[in-house]
Amino acid sequence: MTPSIDRLLQSIDAKRDEVVALTQDLVRIPTINPPGDAYEACAHLIGERLARKGFAVEYIRAVGAPGDSDSHPRTNVVARWQAPHPGECVHFNSHIDVVETGPGWTYEPFGGQVANGRVYGRGTCDMKGGLASSIIACEALIESGLPMSGALEISGTVDEESGGFAGVGYLAERGYFSKPRVHHVIIPEPLGVDRICLGHRGVWWGEVETRGRIAHGSMPFLGDSAINHMSAFIHLLETQLQPRLQGRHTAEPVEPPGARVSTLNINSIHGGQVEQRYSLDERGWPKGDLPAPVVAHLCKAVLDRRFIAEENLEAVKQEIVDMLEELKRTRPGFDYGIRDIMSFVPTATPKDAPVVDATARAIARVLGREPSYIASPGTYDQKHIVRSGKLRDCIAYGPGILDLAHQPDEYVGIQELVDSAKIMALAALSLTGSTP
Ligand SMILES: [Zn+2]
């Protein structure tokens, strides 16, 4: 190791308290999504800090995007530091939103308490710890006095937990994740300090509707129940589609291994009248809103189909349509509608891509072991960077244990924060072309 690299890594060790304090400051802003609380405050905390370090800072509100309103503005922050010598740009992208706290906490969810060598709180792991590490990594590089080339960018973006359309999706459509501005992207999601996430499975969300005919519930034979039709469709999903999906294996290293096959989840189902809230009083009489007796003329189900790199989106949808068509041929009165809600194809950055190679070498140097390569069962903001930004050189890499995301007593390990900051700094040094 060269003396200057040694000094860089030592300077990050010396920032241990600083990365903890920054994680705590970020966690103490409760950016819960939905509805998208406190985004402005969090964006400004990041932007004002980086402006003091010499970054050019932009706040970009996703006006007109889903969820944006004056009471809940979708405010993103993008900060860029231009090095004195020409080179390529490395962008660290973190989402600033967190999910609701839910029950079961023994630590203060937005307290950022330190115990057992960890920082606890909602968002410590997913992913404000990773954001803090990336900020410390870039600041250490800038302060190092090393001959830097290219540019460093850090963004804090909104709404990843709800699809990222007002966050990375909005920015990617406007060139923030494309060449020539940006060449390499690292997303510090909590995949583990020695794991590189190359991409994710594909997703198709669709809504299927079955139709019937309304009648009096005491004479159901005079109507035609849309719920019964839906149940016939669900029966086919269970008995025909599910076994087929279980037989489709991907060559991608998806973690956990249970997700190396295609999967289907019925996200929600609703048929007939809206849900009623009633109870019985002391006499045993019903009170509240009572249902009226009708045969359901409409039933809707939302399907969440995750597909592997070896499948294609058109075939995934056609397979569902074929089952509905089969029911239309064989089941009297069966009628249906189907519509797309959202879809993204699988992404997989090649193992020999520059960002993968640089991060792998940095992991080996800092931790003294080879990284493992994984892919994610669910999508994350990489989908927008690939689709709208047309940028392939993108990975997810960051501190934290993925299983803790969205759980009570979520935490991130302090040593992991420091180690991943070192790894991000070394990767950025090499990707910008600054290696001394
Ligand atoms: Zn996340």
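Residues numbered from 1 in each chain as written. Predicted model: local features only at pLDDT ≥ 70, side-chain atom pairs only at ≥ 80, totals over all residues. Heavy atoms only, no water.

A.B. asks: Help me get a handle on the coordination of the zinc ion, residues and values and all.
C.D. replies: Those donors, His95 (NE2), Asp126 (OD) and Glu189 (OE), are the protein atoms that reach the zinc ion, and they lie 1.9 to 2.2 Å from it. Every donor residue of the zinc ion comes from the same chain, spaced as H-x30-D-x62-E. Pair noted here: Asp126 is in helix α4 (residues 124-143) and Glu189 is in the loop between β7 (184-187) and β8 (192-200), with a separation of 63 residues, a long-range link. Across the pair, exposure class does not vary: Asp126 and Glu189 are buried alike. (Donors = N, O, S within 2.8 Å, 3.2 Å for Na, K, Ca; no water. Helix = DSSP H or I, 4+ residues; strand = E, 2+ residues; numbered from the N terminus. Buried < 20%, exposed > 50% of the residue type's maximum accessible area, 1.4 Å probe, protein only.)

A.B. asks: Quick rundown of the sheet that holds strand β10 (residues 263-271)? Include the residues and the values.
C.D. replies: Taken together, the four strands give an open sheet; going across it, the order is β10-β13-β9-β14, and neighbouring strands pair in antiparallel fashion. With partners counted over all chains shown, the strands left at the sheet margins are β10 and β14 (335-344), one partner each. Across the sheet, the mean angle from the axis of one strand to that of its neighbour is 15 degrees, orientation sign disregarded. In the sheet, β10 pairs with strand β13 (residues 298-307) via eight bridges, with the strands oriented antiparallel. Considered in β13, the bridge of Gly271 is made with Cys299. Seen against the sheet, helix α6 (residues 226-246) touches β9 (202-211), β10 and β13 and runs at an angle of roughly 175 degrees to β10. (Pairing = 2+ DSSP bridges. Axes fitted to C-alpha atoms, helices over the stretch in contact; angles between N-to-C directions. Contact = heavy atoms within 4.5 Å.)

A.B. asks: Describe the packing of helix α2 (residues 16-27) against helix α3 (residues 39-52), and please don't skip the residues or the numbers.
C.D. replies: Axis separation between α2 and α3 bottoms out at 10 Å; the angle between their running directions is 150 degrees. Comparing the axis directions of α2 and α3 gives the class roughly antiparallel. Counting all contacts with α2, which are made through Glu18, Leu22, Asp25 and Leu26, the residues of α3 involved are Cys42, Leu45, Ile46 and Arg49. Tallied by class, residues from the contact of α2 with α3 come to five nonpolar, no polar and three charged. (Parallel < 35°, antiparallel > 145°, perpendicular 65-115°, else oblique. Nonpolar A, V, L, I, M, F, W, Y, C, P; charged D, E, K, R; others polar.)

A.B. asks: Got a sec to walk through the state of the cysteines? Specific residues and values, please.
C.D. replies: A complete count under the given rule lists zero disulfides for this structure. Between Cys89, a cysteine without a disulfide, and Cys138, which holds the nearest cysteine sulfur, the sulfur-to-sulfur distance is 9.5 Å. Residue Cys89 is classed as buried on the basis of its relative accessible area, which comes to 1%. (Disulfide = S-S within 2.5 Å.)

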